[in-house]
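If you want the building blocks of each chain, they are given just below.
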Amino acid sequence: MRPHRALNTLAGIAGVAILLTLAGCGKSPSASSAPAGSEGAAGGGDTHAPLVVGFSQIGAESDWRRANTDSIQSEAKKRGIDLRFSDAQQKKENQIKAIRSFIAQGVDVISFSPVVETGFEQVLEEAKKAGIPVVLSDRAVDVSDPTLYKCFIGSDFVEEGRRAAQWFIDHTEGDVKVAELVGTPGSAPALDRAEGFREAIKDVPRIQIVWSQSGNFTRTEGKKAFQAFLKSPEAKGVGALYAHNDDMAIGAIQAIKEAGLKPGVDIKIVSIDAVKEAFKAMIAGELNCTVECNPLIGPQLFDLIEKVARGEEIPHRVKVDEEVFTQDVAADLIDSRQY
Ligand code: GYE
């Protein structure tokens, strides 16, 4: 069961992206653990203890992730938050360890970006028992008890998959055989982007996925997987690549060139994230389209975290507003891209 999917779909139908107001910024909130009325009680000076937040990041696997880390760290600094930041190097076990350590340190709020959807139930129960609220950032978890976290802020990955498919539906004719470079197996974006794409091509039999393999959201693994694919008999007649992120698409572009083919022409490519490198590739005519997935969620994330620390109600799901970009607009927009 992946309960958040139902939420995704419902919100998708409503077509509503919830944008948080920036109310309350610039004032550092008192920690949730501070007893009511204790502000300023401990004799002289500024007695506001900074909010302590433990954040477990997935790693540094892509340009998207690096921009996401920058956004989180710089926003925490701006707000005077004591951020305990931990890099899990793409390993669930490291995240569980980090979360346990945040619980032991008695942080006010825990936030993390779960590398995969499953396996976090127990540690989330431990956080709940310790009375520490959890806000999920960027990726969702699959748990049977939705009260194990307060909120999940992140993109609608199913919709991103649908949007990627739509480009192929609108810009190709005749039979199209698609190769798919999948993100980290078991991660929310890999599962949802696969689902959204398949849903959109379900009634378009001329478009078929004929090969699907993980490149773990990295350039190196994307290139390696696509190199092997291009040498295999399965590559025959394949004229399209759907990559779950730009980094893997960029890796595949290198592999395609090395194989003597023209990326963006012989093999049409659509990927997700909309990082600057993807705009460069579109300007060079090597990438056809990128679907935006916005990593700059630090301000929204800390709005939620500060609210939850003050004991205020926050929505259980917050989506990020996003767009789709094609080659014709790439040159005009590249300088305005922040990541
Ligand atoms: O698309 C990819 C990153 O979880 C949305 O993770 C994120 C994904 C992003 O490594 O580039």
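None of these values were measured; they are calculated from a predicted model.

A.B. asks: In this structure, what is going on with the sheet that holds strand E7 (residues 207-214)? I would like to understand it.
C.D. replies: Strand pairing in a sheet is mediated by backbone hydrogen bonds. Such pairs are either parallel or antiparallel. As summarised here, the arrangement of the six strands in space is E7-E6-E8-E9-E10-E12, forming an open sheet in which the pairing is mixed. Strand pairing shows two members of the sheet lacking a second neighbour, E7 and strand E12 (324-326), which therefore form its edges. Geometrically, the sheet is characterised by an average inter-axis angle of 20° between neighbouring strands, direction not taken into account. Sheet topology note: the strand E10 (residues 289-292)/E12 ladder contains three bridges and is antiparallel. Directly across from Thr290, in E12, lies its bridge partner Phe325. In the packing of helix H5 (residues 157-171) onto the sheet, the strands contacted are E7, strand E8 (238-243), strand E9 (268-273), E10 and E12, and the crossing angle to E9 comes to about 160°. Running over the sheet, helix H8 (residues 246-258) touches strand E6 (176-182), E8, E9 and E10 and is turned about 155° from E9.

A.B. asks: How should I be thinking about the packing of aromatic side chains in this particular structure?
C.D. replies: Any aromatic ring pair is given by two values, namely how distant the centres are and how the planes are angled relative to each other. In total, this model carries nine aromatic pairs according to the counting rule given. Measuring from ring centre to ring centre gives 4.4 Å for Trp211 and Phe229, while their planes differ by 35°; the resulting arrangement is tilted. In this pair, Trp211 is assigned in strand E7 and Phe229 in helix H7 (residues 219-231), connecting sequence segments 18 residues apart. Taking the relative accessible area as the measure of exposure, Trp211 reaches 6% and is therefore buried. For Phe229, a relative accessible area of 2% translates into the label buried. A centroid spacing of 5.2 Å and a plane angle of 55° characterise the contact between Phe279 and Phe325, whose relative ring orientation is tilted. Placement of the pair is Phe279 in helix H9 (residues 276-283) and Phe325 in strand E12, with a sequence separation of 46 residues.

A.B. asks: When you look at the site of the ligand in this model, what are you seeing that I'm missing?
C.D. replies: By nearness alone, 13 residues border the ligand, and Glu61, Arg139, Arg193, Asn245 and Asp273 come closest of all. One of the side-chain nitrogen or oxygen atoms of Glu61 is found 2.5 Å away from an oxygen atom of the ligand. Interatomic distance of 2.9 Å between a side-chain N/O atom of Arg65 and an oxygen atom of the ligand. A total of 300 Å² of accessible area belongs to the ligand in isolation, and the protein chains cover 100% of it. Elements supplying a minimum of two residues to the shell around the ligand: helix H2 (63-78) and helix H6 (188-201).

A.B. asks: Can you walk me through the sheet that holds strand E1 (residues 52-57) in this structure?
C.D. replies: One open sheet accounts for six strands, arranged E2-E1-E3-E4-E5-E11; its pairing is parallel. Of all the strands in the sheet, just strand E2 (82-87) and strand E11 (317-319) have a single pairing partner and so form its edges. Strand-to-strand twist of the sheet, defined as the mean angle between neighbouring strand axes without regard to direction, takes the value 15°. Both strand E5 (residues 151-154) and E11 contribute to a ladder of three bridges, which runs parallel. The residue of E11 that forms the bridge with Gly154 is Lys319. Contacts between helix H3 (residues 92-105) and the sheet are confined to E1, E2 and strand E3 (109-112), with E1 contributing the most and set at about 175° to the helix.

A.B. asks: Would you take a moment to explain unusual backbone geometry for this structure?
C.D. replies: Peptide bonds are, in most cases, trans, and in most cases residues other than glycine have a negative phi. Phi is positive for Gln89, which is not a glycine, with a value near 50°. Secondary-structure assignment places Gln89 in the loop between E2 and H3. Phi at Gln90 takes a positive value of approximately 65°, unusual for a residue other than glycine. When you line up the elements, Gln90 lands in the loop between E2 and H3.

A.B. asks: I'm lost on the pattern of salt bridges in this one. Help?
C.D. replies: Side chains bearing opposite charge may pair, as long as their charged atoms lie close to each other. On inspection of all chains with the given rule, the structure shows 25 salt bridges. We note a salt bridge from Arg139 to Asp138, for which the minimum N-O separation is 3.9 Å. For Arg139, a relative accessible area of 2% corresponds to the buried category. Take Asp138: its relative accessible area is 3%, and that puts it in the buried class. Here the salt bridges share partners, and the residues they tie into one network are Glu75, Lys78, Arg79, Asp303 and Glu306.

A.B. asks: Quick question: what am I supposed to make of the packing of H5 against H6 here?
C.D. replies: What describes two packed helices is the angle between their axes and the distance between those same axes. Two elements in contact, H5 and H6, have axes whose closest approach is 6 Å; the angle formed by their N-to-C orientations is 40°. Considering their axes alone, H5 and H6 lie oblique with respect to each other. Between H5 and H6 the crossing geometry is right-handed. Here Phe157, Val158, Glu160, Gly161, Arg162, Ala164, Ala165, Phe168 and Ile169 of H5 come into contact with H6, specifically with Ala188, Pro189, Asp192, Arg193, Glu195, Gly196, Phe197, Glu199, Ala200 and Ile201.

A.B. asks: Is there a simple way to think about the side chain of Ser271 in this case?
C.D. replies: Within the fold, Ser271 resides in strand E9. With sequence-adjacent residues up to four places away left out, Ser271 is seen in contact with Ala243, Asn245, Asp246, Ala249, Leu287, Cys289, Thr290 and Val291.

Conventions adopted
- Residues numbered from 1 in each chain as written.
- Predicted model: local features only at pLDDT ≥ 70, side-chain atom pairs only at ≥ 80, totals over all residues.
- Heavy atoms only, no water.
- Pairing = 2+ DSSP bridges.
- Helix = DSSP H or I, 4+ residues; strand = E, 2+ residues; numbered from the N terminus.
- Axes fitted to C-alpha atoms, helices over the stretch in contact; angles between N-to-C directions.
- Contact = heavy atoms within 4.5 Å.
- Phe/Tyr/Trp six-rings, centres within 6.5 Å; stacked < 30°, edge-to-face > 60°.
- Buried < 20%, exposed > 50% of the residue type's maximum accessible area, 1.4 Å probe, protein only.
- Near = heavy atom within 4 Å.
- Polar contact = N/O pair within 3.5 Å; in protein donor to acceptor, adjacent residues only side chain to side chain.
- Areas by Shrake-Rupley, 256 points an atom, 1.4 Å probe, with all protein chains shown as cover.
- Salt bridge = Lys/Arg side-chain N within 4 Å of Asp/Glu carboxyl O.
- Parallel < 35°, antiparallel > 145°, perpendicular 65-115°, else oblique.
- Left-handed = near helix turned anticlockwise from the far one by under 90°.

It is worth stressing that arrangement in space is one thing and function is another; only the former is reported here.
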